[in-house]
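Examination of the molecular architecture
If you want the building blocks of each chain, they are given just below.
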Amino acid sequence: MPVAIVVSCLVILVGGVVAFADQPPEFPSHPPMRSLPVAAPRPLGDGPAYFVDATNGSDSNPGTQPAPFQSIQHGISVLKPGDTLCLRGGTYYERLS
């Protein structure tokens, strides 16, 4: 009796590095060409501030400093005029709209 095996895996070639679509690449294709920007030492505005942390956040969190969102897209979706979205250090693998 023939058996059909379905594998749900999409492989993408990124800059000569093979990466699976559901996982970020293990290393960049080349070293950084310049240093990362330094965080601005200015105070937050008067309006509400929401926080995003790619590593320790969750989109079910309220977006506060101790309980940040995980994705920038979710943070953008809750913003209103005058709100601030603060991104914590990390690598964000997402397409924003």
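Please read these numbers as outputs of a predicted model, since none were measured by experiment.

Re a nonpolar patch on the surface
Together, Ile76, Leu79 and Leu96 make up an exposed nonpolar region whose accessible area comes to about 210 Å². Take Leu79: it is sitting in the loop between α1 (72-78) and β4 (84-87). For Leu79, a relative accessible area of 31% translates into the label partly exposed.

Topic: the packing of aromatic side chains
One pass over the full model with this rule turns up one aromatic pair. Between Tyr50 and Phe69, the aromatic rings sit 6.1 Å apart at their centres with planes inclined by 20°, giving stacked as the arrangement. Of this pair, Tyr50 sits in strand β3 (residues 49-52) while Phe69 sits in the loop between β3 and α1, and the two are 19 residues apart along the sequence. Using a relative accessible area of 3% as the deciding quantity, one classes Phe69 as buried.

What to know about the side chain of Asp83
Looking at the element boundaries, Asp83 is found in the loop between α1 and β4. Buried and unpaired, Asp83 has no salt bridge, with Lys80 as the nearest side chain of opposite charge at 5.5 Å. Apart from residues lying up to four places away in sequence, Asp83 is in contact with Pro48, Tyr50 and Val78.

Describing the pattern of salt bridges
It is possible for side chains bearing opposite charge to pair when their charged atoms get close. All told, the structure shown has one salt bridge when counted by the stated rule. The residue Arg88 makes a salt bridge to Asp53 at a minimum N-O spacing of 3.5 Å. Within this pair, whereas Arg88 is found in the segment after β4, its partner Asp53 is found in the loop between β3 and α1, the two being separated by 35 residues in sequence. For Arg88, a relative accessible area of 27% puts it in the partly exposed group. You can call Asp53 buried: its relative accessible area is 7%.

The rules behind the values
- Residues numbered from 1 in each chain as written.
- Predicted model: local features only at pLDDT ≥ 70, side-chain atom pairs only at ≥ 80, totals over all residues.
- Heavy atoms only, no water.
- Patch = residues over 30% accessible without salt bridge, like charges linked within 9 Å, V, L, I, M, F, W, Y side chains within 5 Å.
- Areas by Shrake-Rupley, 256 points an atom, 1.4 Å probe, with all protein chains shown as cover.
- Salt bridge = Lys/Arg side-chain N within 4 Å of Asp/Glu carboxyl O.
- Helix = DSSP H or I, 4+ residues; strand = E, 2+ residues; numbered from the N terminus.
- Buried < 20%, exposed > 50% of the residue type's maximum accessible area, 1.4 Å probe, protein only.
- Phe/Tyr/Trp six-rings, centres within 6.5 Å; stacked < 30°, edge-to-face > 60°.
- Lys, Arg positive; Asp, Glu negative; His and termini not counted.
- Contact = heavy atoms within 4.5 Å.

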